[in-house]
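# Analysis of the macromolecular model
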Amino acid sequence: MSAIKFISKNENKNLVLFVHGFTGSNETWINEHGQEFPKMLLEDSQIAENYDFAYITYYTTLIDMYGAKVKTNLFKRLFNIETEIARKNLGITQLGEFIQSVIQFNCESYENIIIIAHSMGGLVTKSFILNEVNKEVPSNKVKLFLSLAVPHNGTEWAKLGEKLFNNAQAIDLKPLSPVLTQINQNWIHCKSLPKTVCFYGQYDEIVDEGSAVIYQAEKPEKIPCDDNHNTIIRPSDKSRHVFVAIQSILQKFAQEVYLKEPFQVRPFIDQGQLDDEIFVLRLLIADVHNIHINSAKQTFFNAEYMRKVLVNQGEHAIATLGDLYSRIETFYSIAFGKLMSGDLNDSNHLVTYVHEQVSKESDFLKSAIPLLGGFQKIGMLHQLMNMMEKDLWWAQQQNFQTIEQFRKARRK
């Protein structure tokens, strides 16, 4: 069986990986109706349009017959009979290294990886993440770790597996096992971890809440579910809390990734396409230095792109933007008052002061839109300056007649 099996592969930039637990497999995620948890999630159009899905598989069994398999293979080789790989239960650390290699060579094209891991699969995932962030050049691709009934502090049930079957994985799963202790210590002291959400079953007889909630520097979000250790990974229908919560988390992450795009500074190549815009003319007639004009063009260009994207997000985004425009205009008016009172020397001083102050994270200009920073806010000011109906200027005794006179002079 392949170590990775893609359920959905549509060249998205986000990938969701499902990692099963002790003695599990890809069938781990199938409910009593034969429905796969990942495929139920993919029925949501927003999730399907933003994510590829895949299973990660590793060898795990309750009774390890490795010794017998090796002897059988040796016997077969004497008679030149084809043999199968003699697999055995590897420890959590070795499995973490294997998962790291699988992801490195099969998931290279993805920008963001979300891991949904159950039980021991979550410990394997933690080991992989620690290996990844401690590389000389870490990829930092894992952005979300959804921990489903993962025994971060071990489980008493593992002691039974150790005694009855001398199972290497069960030994690692014991409370205070050397491997688990080392992983937890490294995790606590790691400064570059993905966001972690801990799901736990309120009726879980194997992993209790105390073990299912990870201990780390930044307190993780925890989500109780009315499930046991097995039902938490195979919801019977879409109304189950674990399904609703994971669906919501994936939707929100996709939205955040989408909204990041308009806030990335985009280079503006000045070919004179903005030279006749009102905001540029207001700067020119105020005899403002070219460095301010070039900066205004850059920020205006980026703010225009940002506004188009956010307007498509609906009424809430439009209302939030409208409120911020009003506050930016008020802020500018206060600064213009400083020019009239002599606190600011001239137009260049006014532009410098306004750009500097708007770019700061002041409470007055804080926005409910995440990632909207000073660069976009300066551009929003110049968007306001680009509206003919706005009586906004960079120098005293200027009006729309001044703009028309300037235009006529330029045409001559």
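You'll find the structure just up there.
Overview of the structure. Just so it is clear, the model here is predicted, and its values are computed rather than measured.

About the criteria used
Residues numbered from 1 in each chain as written. Predicted model: local features only at pLDDT ≥ 70, side-chain atom pairs only at ≥ 80, totals over all residues. Heavy atoms only, no water. Helix = DSSP H or I, 4+ residues; strand = E, 2+ residues; numbered from the N terminus. Buried < 20%, exposed > 50% of the residue type's maximum accessible area, 1.4 Å probe, protein only. Polar contact = N/O pair within 3.5 Å; in protein donor to acceptor, adjacent residues only side chain to side chain. Contact = heavy atoms within 4.5 Å. Pairing = 2+ DSSP bridges. Right-handed = clockwise from strand over helix to strand, strands pointing away. Phe/Tyr/Trp six-rings, centres within 6.5 Å; stacked < 30°, edge-to-face > 60°. Core = buried A, V, L, I, M, F, W, Y, C linked by side-chain atoms within 4.5 Å. Expected span 1.5 Å × (residues − 1).

It is worth spelling out the side chain of Asn 14 at this point. Relative to the elements of secondary structure, Asn 14 occurs in strand S2 (residues 14–19). Its relative accessible area of 2% is what places Asn 14 among the buried residues. A polar side-chain atom of Asn 14 sits 3.0 Å from the main-chain carbonyl oxygen of Asn 50. Ignoring anything within four residues of it in the chain, the contact list for Asn 14 reads Asn 50, Tyr 51, Asp 52, Tyr 110, Asn 112, Phe 253 and Val 257.

Taking burial as the measure, the 7 residues of strand S4 (residues 112–118) include 7 buried ones, the bulk of the element. Because side chains alternate across S4, one face comprises the buried residues Asn 112, Ile 114, Ile 116 and His 118, and the other comprises Ile 113, Ile 115 and Ala 117, equally buried. Here 6 bridges tie S2 to S4, and the two strands are oriented parallel to one another. Paired with Val 16 across the bridge in S4 is Ile 114. Bridge count between S4 and strand S5 (residues 142–148): 6 bridges; the pairing is parallel. Its bridge partner being in S5, Ile 115 is matched across the sheet by Phe 145. Remark: the S4/helix H5 (residues 120–133)/S5 crossover connection has right-handed handedness.

For Pro 38, the location among the structural elements is in helix H1 (residues 37–42). It is 8.5 Å that separates the C-alpha atoms of Pro 38 and Ala 54, two residues lying 16 residues apart in sequence.

The next thing to look at is unusual backbone geometry. In the Ramachandran plot, Glu 11 falls in the positive-phi region, its phi being about 60 degrees despite a non-glycine side chain. Take Glu 11: it is sitting in the loop between strand S1 (4–8) and S2. Judged by relative accessible area, Glu 11 falls into the exposed class, the value being 80%. A positive phi is found at Ser 119, a non-glycine position, where the angle reads about 50 degrees. Checked against the element boundaries, Ser 119 lands in the loop between S4 and H5. Exposure remark for Ser 119: the relative accessible area of 8% places this residue in the buried category.

The subject of this paragraph is the environment of Leu 130. With respect to the helices and strands, Leu 130 occurs in helix H5. Not counting residues up to four positions away in its chain, the partners in contact with Leu 130 are Ile 183, Asn 186, Trp 187 and Cys 190.

With that out of the way, let us pick up the packing of aromatic side chains. Pairs of aromatic rings are described using the distance from one ring centre to the other and the angle between the two planes. Tallied over the full model, the rule gives 11 aromatic pairs. Each ring, one from Phe 18 and one from Phe 53, has its centre 5.6 Å from the other, and the planes form 50 degrees; the classification is tilted. Residue Phe 18 is found in strand S2, and its partner Phe 53 is found in strand S3 (residues 51–56); the two are separated by 35 residues along the sequence. On the basis of relative accessibility, which here comes to 0%, the residue Phe 53 falls in the buried class.

It is worth spelling out the nonpolar core at this point. Ranked by internal contacts, the top residues of the largest apolar core, which has 45 residues, are Leu 321, Tyr 332, Leu 350, Leu 372, Met 380 and Trp 394. Of all the elements in the fold, those that place two or more residues in this core are helix H11 (278–285), helix H12 (290–311), helix H13 (315–341), helix H14 (347–359) and helix H15 (374–385). In contact with Tyr 332, not counting residues within four places along its chain, are Leu 381, Met 385, Leu 392, Trp 393 and Trp 394. Leu 17, Ile 56, Ile 103 and Leu 180 belong to the second largest nonpolar core, which has 35 residues in total.

Look at helix H8 (residues 178–189): 17 Å from first C-alpha to last across 12 residues, which is about the 16 Å you get at 1.5 Å a residue. Here the buried face of H8 lies against helix H4 (92–106), H5, S5, helix H7 (168–173) and strand S6 (195–201).

Moving on, we come to the side chain of Lys 297. As for its position among the elements, Lys 297 is in helix H12. Assessed through its relative accessible area of 5%, Lys 297 is described here as buried. Beyond its immediate chain neighbours, meaning those up to four positions away, Lys 297 contacts Phe 268, Asp 270, Leu 274, Asp 275, Phe 279 and Val 280.

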